[in-house]
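Analysis of the macromolecular model
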Amino acid sequence: MKILYGVQGTGNGHISRARAMAGALQNHPDLEVQWLFSGRSPDKLFCMEAFGDYWWREGLTFVHREGQLDGIATARQLHLRRLLRDIRELPVDDFDLVISDFEPVTAWAARRRGRPSVGLGHQYAFNFPIPAPRYRWLPRAVMRVFAPVQSSLGMHWYHFGHPILPPIAQPHGLPGSGGHILVYLPFEHHGPMLGELAQLPERFIVYGAPEDLPAAENIQLKAPSTDGFQQDLAEAHAVICNSGFELIAETLALGKPILTRPLAGQFEQEANARALSELQLARVVERVDAATIRDWLDNDPAGVRIQWPDVAGEIVRWIADGRRQTPAELANSLWEQVVPGRGSSAAELARAEAE
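What counts, and where the lines are drawn
- Residues numbered from 1 in each chain as written.
- Predicted model: local features only at pLDDT ≥ 70, side-chain atom pairs only at ≥ 80, totals over all residues.
- Heavy atoms only, no water.
- Helix = DSSP H or I, 4+ residues; strand = E, 2+ residues; numbered from the N terminus.
- Buried < 20%, exposed > 50% of the residue type's maximum accessible area, 1.4 Å probe, protein only.
- Contact = heavy atoms within 4.5 Å.
- Areas by Shrake-Rupley, 256 points an atom, 1.4 Å probe, with all protein chains shown as cover.
- Pairing = 2+ DSSP bridges.
- Right-handed = clockwise from strand over helix to strand, strands pointing away.
- Salt bridge = Lys/Arg side-chain N within 4 Å of Asp/Glu carboxyl O.
- Polar contact = N/O pair within 3.5 Å; in protein donor to acceptor, adjacent residues only side chain to side chain.
- 1 Å grid on protein atoms, 1.4 Å probe; cavity = no way out; pocket = protein on both sides within 12 Å on 5 of 7 lines; lining within 4 Å.
- Points joined across faces, edges and corners; volume = space filled by probe spheres on them.
- Nonpolar A, V, L, I, M, F, W, Y, C, P; charged D, E, K, R; others polar.

1. So, the overall build of the protein
When its secondary structure is counted, the protein shows 13 helices and 16 strands. Within the protein, buried positions represent 51% of all 355 residues. Long-range contacts, defined here as pairs at least 24 residues apart, represent 65% of the contacts in the protein between residues at least 6 apart. With the model as given, the accessible surface of the protein reaches about 16100 Å², and the carbon-plus-sulfur share is 50%.

2. Quick word on the pairing of strand 7 (residues 117-121)
The element strand 7 is extensively covered by neighbouring structure, given that five of its five residues are classed as buried. Alternating positions in strand 7 separate into two faces, S117, G119 and G121 on one and V118 and L120 on the other, with burial throughout. Relative to strand 7, strand 6 (residues 97-101) runs parallel, the two sharing three bridges. Looking at the pairing, S100 lines up with G119 of strand 7. In this fold, strand 6 hands off to helix 4 (residues 104-113), which returns the chain to strand 7; that crossover is right-handed. Bridging between strand 7 and strand 8 (residues 151-154) involves four bridges; their strand directions are parallel. Its bridge partner lying in strand 8, V118 is registered against S151.

3. Digging into the sheet that holds strand 12 (residues 238-242)
Spatially, 11-10-9-12-13-14 is the arrangement adopted by the six strands of the open sheet, whose pairing is parallel. Looking along the sheet, the strands with just one partner apiece sit at the ends: strand 11 (219-222) and strand 14 (283-284). Bridge count between strand 9 (residues 180-184) and strand 10 (residues 203-207): five bridges; the pairing is parallel. In the sheet register, H180 faces strand 10, and the bridge partner there is R203.

4. A look at the pattern of salt bridges
Here the structure, examined in full by the defined rule, presents 13 salt bridges. R17 is paired through a salt bridge with E246; the nearest N and O atoms lie 2.8 Å apart. Taken as a pair, R17 in helix 1 (residues 12-25) and E246 in helix 8 (residues 245-254) lie far apart in primary sequence, 229 residues in all. Take R17: its relative accessible area is 2%, and that puts it in the buried class. Of the residues examined, E246 reaches a relative accessible area of 3% and is grouped as buried. Between D232 and K222 there is a salt bridge, with its nearest N and O atoms 2.9 Å apart. Taken as a pair, D232 in helix 7 (residues 226-235) and K222 in strand 11 lie far apart in primary sequence, ten residues in all. Salt bridges sharing common partners tie together R17, D101 and E246.

5. Considering the pairing of strand 6
A large share of strand 6 lies buried, amounting to five of its five residues. Here strand 6 shows two buried faces, one formed by L97, I99 and D101 and the other by V98 and S100. In this sheet, strand 6 lies alongside strand 1 (residues 2-8) in parallel orientation, the contact comprising five bridges. In the strand pairing of strand 6, L4 is matched with V98.

6. A short note on the side chain of N272
By the element assignment, N272 lies in helix 9 (residues 267-279). Using a relative accessible area of 0% as the deciding quantity, one classes N272 as buried. Within the local environment of N272, its side chain forms a polar contact with the backbone oxygen of S243, the two atoms lying 2.8 Å apart.

7. Digging into the layout of surface pockets
Empty space left among the atoms is revealed by rolling a probe the size of a water molecule over them. Taken as a whole, the second largest pocket holds about 220 Å³ of empty space. Around the second largest pocket sit eleven residues that line it, and E188, P192, R261, R287 and V288 are the ones nearest its centre. Among the elements that line the lining of the second largest pocket, the one with the most residues is helix 6 (residues 190-198), at three residues. Tallied by class, the residues present in the lining of the second largest pocket amount to three nonpolar, one polar and seven charged.

8. Observations regarding the sheet that holds strand 1
Across the sheet, which stays open at both edges, the six strands sit in the order 3-2-1-6-7-8 with parallel pairing between neighbours. Either end of the sheet is taken by a strand with one partner, and the two such strands are strand 3 (55-56) and strand 8.

9. Details of helix 7
Counting buried residues in helix 7 gives seven out of ten residues, a clear majority hidden from the surface. Those residues of helix 7 that fall on the buried side of the exposure criterion are T226, G228, F229, Q230, D232, L233 and A234. The inward-facing, buried residues of helix 7 abut helix 1, strand 9, strand 10, strand 11, strand 12 and helix 8. You can read the cap of helix 7 off the contacts: a side-chain oxygen lies 3.1 Å from the backbone nitrogen of G228, and it is on S225.

10. Some points on the environment of D232
Overall, D232 belongs to the buried group, its relative accessible area being 6%. Looking at D232, its side chain comes within polar contact range of the side chain of K222, at 2.9 Å.

As structure tokens, then:
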């Protein structure tokens, strides 16, 4: 079977999920995959070896400024004529199946040509009435037309009574405590953010900020790196991040305490924050400043550890088997394998390592 697999490259979460899928696909040589990425310029993609000779298209993306979505700038950078040309010219007829991880060029090209298509990712969970900001019908409608597919496999930290799959997220290495707090806030105004972190005695490892910014001695700025980030995440005793889906799923797999601020005006992140609050999986805040972080740490936050099953492997087997199970049957079989539990607080983890 020949598969065209499109990935929205705006956030690292989509690409992280795609890497897991690429690993699972290697176990099925009968599935021949051509990868396509869009939403991020090629020079900003990194650690792409798993995808071979992948294709790139401009696609659609969103512009963020100082911690919130900039709708005007997003509209200005849209090249509609190029997008329509890319959709029209994409050779989807050469493939038996199109998979879209919320990638619009492949999804719309498959729809235009009537090719079989499957949507894969967190955004497709919003096809169901899951926790989300009230009266936000327009963003939900935009999400439904952004990358439309014939069938979809939405993912979330909980199923909420619907045929939604668990996340594709497994820990990379054993949880430990390197004595630092991992900070990943790529959409924030980084100068003021680093100033707030400098007021605290804790040690911070920060990803997503320019490495040449001046930073206090307790702050280490690091360049994008898949392996380095995964190691620092596994060894962190807590995580501060925006409310993106994939990183939080990986953090839950490690049982780390989470402080999160949703990106203002971004429907998906605001919905994620609401779900995290309802499920009591993280501390959700409106600001990430020294006072907020101090209050969080002083309450000795405990993480929730959830053992996710091999979702990527099961999805690939489902595809190789001709998708004979319904999405609901696949979801039920995966949730039966989920093992929830309470993780350790930062202090308990430190004491355990000292013994």
